[in-house]
Amino acid sequence: GDWLIVSGQTGRVGEQLISDRFDEQFRQCLTNLQGILEAESVPLSAVAKVNIYLRKMDDREAMNELYTAFFGDHRPARTTIGVAELSRGALVEIEAWAYTA
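Fair warning: this is a prediction, and the values are worked out from it, not measured in the lab. (Residues numbered from 1 in each chain as written. Predicted model: local features only at pLDDT ≥ 70, side-chain atom pairs only at ≥ 80, totals over all residues. Heavy atoms only, no water.)

## Quick notes on the overall build of the chain
In plain terms, the rule: For helices the rule is a DSSP run of H or I covering at least 4 residues; for strands it is a run of E covering at least 2, with both sets numbered from the N terminus onward. Just to be clear, the radius of gyration here is over C-alpha atoms, and the globule rule we use is 2.2 Å times residues to the power 0.38. Throughout, exposure labels follow a simple rule: accessible area from a 1.4 Å probe, protein chains only, divided by the maximum for the residue type, with under 20% read as buried, over 50% as exposed, and the rest as partly exposed. By definition, residues are in contact when any of their heavy atoms lie within 4.5 Å. A positive count includes Lys and Arg, and a negative count includes Asp and Glu. His and the chain ends are not counted in either. Just so you know, the charge point we use is NZ for Lys, CZ for Arg, CG for Asp and CD for Glu.
For the chain, the count of helices and strands is two helices and six strands. Each helix (α) and strand (β) of the chain, taken in turn from the N terminus, gives the series β-β-β-α-β-α-β-β. Against the globule reference of 13 Å for 101 residues, the chain gives a C-alpha radius of gyration of 13 Å, in line with a compact fold. Considering only C-alpha atoms, the chain reaches an extent of 35 × 25 × 20 Å along its principal axes. Among the 101 residues that make up the chain, the fraction classed as buried is 40%. A sequence separation of at least 24 residues applies to 78% of the contacts in the chain between residues at least 6 apart. The averaged location of the 15 negative side-chain charges in the chain is 3 Å from the averaged location of its 10 positive side-chain charges.

Here's what the structure looks like:
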């Protein structure tokens, strides 16, 4: 179809979290997302919707800064949700919907 739906990306490289720090995990989430988009030849500007899951809502401000730096002037719709737990002890997870038509 016209959508590339990227399922939840955590701050992992392979099977291991990159670190136990939020900022490093979130940067890796974004790197993983970008890698999937590039592999499908989909530009970052095609991302229309992002869902972000945080283990600690206190990380929201840091997430906003990193998110803004990553997306630049492009601002996909976003939902940020606080959760009790994420896969493999991750602190953050991101999923994205990109419109490819």
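## Remarks on the nonpolar core
Here is the rule: In these notes, a set of buried Ala, Val, Leu, Ile, Met, Phe, Trp, Tyr and Cys residues joined through side-chain atoms within 4.5 Å is what counts as a nonpolar core.
Membership of the largest hydrophobic core comes to 24 residues, with the highest contact counts inside it found for Phe26, Leu33, Leu37, Val50, Ile52 and Ile94. Listing elements by their share of this core, those giving two or more residues are strand E1 (3-9), helix H1 (22-39), strand E4 (47-54), helix H2 (60-71) and strand E6 (92-99). Here this core takes six residues from H1, the largest share from any one element. With near-sequence residues (within four places) excluded, Phe26 lies in contact with Ile52, Met63, Leu66, Tyr67, Val92 and Ile94.

## Re the side chain of Thr10
Of note, Thr10 is situated in the loop between E1 and strand E2 (12-13). Thr10 has contacts with Gln28, Cys29, Asn32, Ala90, Val92 and Glu93, leaving out every residue within four places of it along the chain.

## Some points on the pattern of salt bridges
Convention followed: The salt bridge criterion pairs a side-chain nitrogen of Lys or Arg with a carboxyl oxygen of Asp or Glu, the two atoms within 4 Å.
Summed over the entire model, instances satisfying the criterion amount to four salt bridges. Between Glu15 and Arg88 there is a salt bridge; the shortest N-O distance is 2.4 Å. In this pair, Glu15 sits in the loop between E2 and strand E3 (16-17) while Arg88 sits in the loop between strand E5 (77-82) and E6, placing the two residues 73 residues apart along the sequence. Classification of Glu15 by relative accessible area gives exposed; the value is 53%. For Arg88, a relative accessible area of 48% gives the class partly exposed. Each of the salt bridges in this network shares a partner with another, and the network as a whole consists of Arg21, Asp23, Glu24 and Arg27.

## Remarks on a nonpolar patch on the surface
What counts, and what does not: Residues qualify for a patch when their relative accessible area is over 30% and they have no salt bridge, like charges being joined within 9 Å and the nonpolar side chains of Val, Leu, Ile, Met, Phe, Trp and Tyr within 5 Å. Under the convention used here, a 1.4 Å probe and the Shrake-Rupley method define accessible areas, while residue burial counts only the protein chains that appear.
Side chains of Trp3, Ile5, Trp97 and Tyr99 sit close together on the surface and give an oily, nonpolar patch of about 420 Å² of accessible area. Contributing elements (two or more residues each) for the nonpolar patch: E1 and E6. Residue position: Tyr99 is located in strand E6.

None of this, on its own, says anything about what the molecule does.
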